[in-house]
Amino acid sequence: MLQKVVRSTIIDAPIERVWAVLRDFNSHDQWHAVVEASRIEAGRRSDEVGCVRSFTLKDGNRIREQLLTLSDTEHRSTYCIVEATVPLLRYVATVTLKPVTDGNRTFWHWESSFATPPGRERELREMVARDVYEAGFENLRRHLAGGTRSAALAPAASGVPIATREVRVQRYGGAEQLEPAAGEARAPGPGEVRIRQRAIGVNFIDVYLRRGWIPAMLPLPGVPGMEAAGSVIDVGPGVAGLLPGDRVACLWHQPGAYTSVRTVPADTLVRLPAAVEDVTAAALLLKGVTADYLLRDLGRIGPGTRLLVHAAAGGVGLLLCAWASRLGATVLGTVSSEEKARVARAHGCAHPIVTREARFAEVVQRLAGGADVIVDGIGDAAREENLAALAPRGHWISLGQASGPLAPIDPDALLAKSASFSRPVVFHYVATAAELQERAARVWAALADGSLALPPIERFTLDAAAQAHARLESRGSVGPLVLLAG
Ligand SMILES: NC(=O)c1ccc[n+]([C@@H]2O[C@H](COP(=O)([O-])OP(=O)(O)OC[C@H]3O[C@@H](n4cnc5c(N)ncnc54)[C@H](OP(=O)(O)O)[C@@H]3O)[C@@H](O)[C@H]2O)c1
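Residues numbered from 1 in each chain as written. Predicted model: local features only at pLDDT ≥ 70, side-chain atom pairs only at ≥ 80, totals over all residues. Heavy atoms only, no water.

Caption draft 1: Region of the structure containing the environment of Gln467. In this fold, Gln467 is placed in helix H13 (residues 465-473). A relative accessible area of 54% means that Gln467 is categorised as exposed. Separated by 96 residues in sequence, Gln467 and Ala371 have C-alpha atoms that sit 35 Å apart. (Helix = DSSP H or I, 4+ residues; strand = E, 2+ residues; numbered from the N terminus. Buried < 20%, exposed > 50% of the residue type's maximum accessible area, 1.4 Å probe, protein only.)

Caption draft 2: A look at the nonpolar core. Formed by 78 residues in total, the largest nonpolar core has its most connected members in Leu251, Tyr258, Leu285, Leu307, Trp444, Leu452 and Leu483. For this core, the element with the most residues is helix H6 (residues 278-298), which contributes 13 residues. Mapped onto the domain boundaries, this core takes at least three residues apiece from domain 2 (165-285 + 429-484) and domain 3 (303-424). Not counting the four nearest positions on each side in its chain, Leu251 is found in contact with Met226, Glu227, Thr268, Leu285, Leu286, Val289, Phe427, Val430 and Leu436. (Core = buried A, V, L, I, M, F, W, Y, C linked by side-chain atoms within 4.5 Å. Domains from an automatic or database assignment. Contact = heavy atoms within 4.5 Å.)

Caption draft 3: Representation of the site of the ligand. The ligand sits among 27 residues. The nearest are Tyr293, Gly315, Ser336, Gly377 and Val426. Within the side chain of Tyr293, one N or O atom sits 2.7 Å away from an oxygen atom of the ligand. Gly377 is positioned such that a nitrogen or oxygen atom in its backbone is 2.7 Å from an oxygen atom of the ligand. Contact with the protein chains removes 91% of the 900 Å² of surface that the ligand exposes when unbound. By residue number, the principal contributor to the shell around the ligand is H6, which donates four residues. For the shell around the ligand, the class distribution of residues is 14 nonpolar, nine polar and four charged. Split by domain, the shell around the ligand shows at least three residues from each of two domains, domain 2 (165-285 + 429-484) and domain 3 (303-424). (Near = heavy atom within 4 Å. Polar contact = N/O pair within 3.5 Å; in protein donor to acceptor, adjacent residues only side chain to side chain. Areas by Shrake-Rupley, 256 points an atom, 1.4 Å probe, with all protein chains shown as cover. Nonpolar A, V, L, I, M, F, W, Y, C, P; charged D, E, K, R; others polar.)

Caption draft 4: Examining the packing of aromatic side chains more closely. By the definition in use, this model includes twelve aromatic pairs. Between Tyr79 and Tyr91 the ring centres are 6.3 Å apart and the planes differ by 45 degrees, which places this aromatic pair in the tilted class. Here Tyr91 lies in strand S6 (residues 89-99) and Tyr79 lies in strand S5 (residues 76-84), a separation of twelve residues in the sequence. Here Tyr79 matches Tyr91 in class, with each residue buried. Aromatic side chains Trp110 and Phe137 sit 6.1 Å apart centroid to centroid with 50 degrees between the ring planes, which places their arrangement in the tilted category. Of this pair, Trp110 sits in strand S7 (residues 106-115) while Phe137 sits in helix H3 (residues 121-145); the two residues are 27 residues apart in sequence, bridging distant segments of the chain. Assessed through its relative accessible area of 5%, Trp110 is described here as buried. In this structure, Arg53 is placed above the aromatic ring of Phe25, and the distance from its NZ or CZ to the ring centre is 3.9 Å. Directly above the aromatic system of Tyr79 lies the positively charged group of Arg53, at a separation of 5.0 Å from the ring centroid. (Phe/Tyr/Trp six-rings, centres within 6.5 Å; stacked < 30°, edge-to-face > 60°. Lys NZ or Arg CZ within 6 Å of the ring centre and 35° of its normal.)

Below, the structure is given as structure tokens:
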């Protein structure tokens, strides 16, 4: 007769953190005290269905078990014994996790069925229930509470590449050059962290890279993308303060974010507050810290500043409108449609100017007597009008070139108004980990206190990255765009 053992418990950790350990079929010698040493046979990955783990127990017994199913969406795995010196016959076990409603704890259900030699039913049932399952619950609790110790052990537990879904540029060109492909995320080395990315931010710089405008930054074939949000899978040696399961967002000057799993330097990561969802973080991190440096540092926006924002209903644009109006600025903005004007106005743009051909200088002069600061992501199409729209001593911040690269500016063109010109790049404003943390913290705080209104976010699957790019280039999108990696 088949014996059945069922045990369950609550673990005081979020489901992602518990699952990050349990989904790794070879992690048990890192956290379960009865397991002496374990290895995956035949060089397979430890999360690959069909892989076999071969391990010895502290009492000298040897067991080989095979992973039968693994579901990241259901947080469930099933495995069976294929060979053992312990007489557990036809042993099949299932581990299932469920989030407890408060979101910070995890329900763990572990059950199995097996046959035994006659007369040993009770002894072996108790051994599985007590020494394997109940002890396992306690051991995992201790492992998760182990802080840097468990973090230091994590690389050994999962030091193999993880299969990824990614989107590559094979040839520079149009949006159709973005092609989904299978890839790998290597185990984290010293100072690195491997993250499972659920949401990936789309930025106009991804379009420049795809078009081949900055080839040194994206050699071919290359994976674009500068930012994403998700959770830590494992960390490399020397990484302090991050553990498997921690929710993080990454902002890095090296492209490569269009992927489901990525290995990145720890100092490109910020922890996410519970209130900031992955999609929000991916939509807002790069654009939010850009708004932060533009308004605080470069533009020095304050009460009464006349700020002109181009593409005011765009990803960066809506954040600038909302935050600048909270700082007391008078915000004017260009948009290409009445619908965009409505959204920009709702986000603090007092004077949306509807123009598709970048004709705005006359309106800006009439409404405000000129702009003290212009934030210009349009580029060449707005070149002459920007000069005409500036107020005396005005500051033209050339942020980007959605309409095409900006031709050189004659210094004498600035002289006429004592104007200044800047050409900043966000990565220089988050060049240190401390500065990235500080700026990101200000973005999340502004979101929490209402200074930054959450913009509408357009969502695409990672595989549909080409559609997301086409949408961004069509001038149809409103607010930021995000790719979902499952
Ligand atoms: N330097 C930095 O630190 C930094 C950081 C972040 C972003 N940026 C730049 O800021 C700008 C905005 O970036 P984003 O990601 O938030 O994009 P976005 O503003 O959401 O999208 C671009 C917008 O530009 C406008 N546009 C005007 N002419 C265009 C044209 N010929 N083709 C396409 N779009 C055109 C469109 O708005 P309308 O149709 O309403 O005109 C479009 O929606 C980009 O230039 C980007 O490179 C720079």
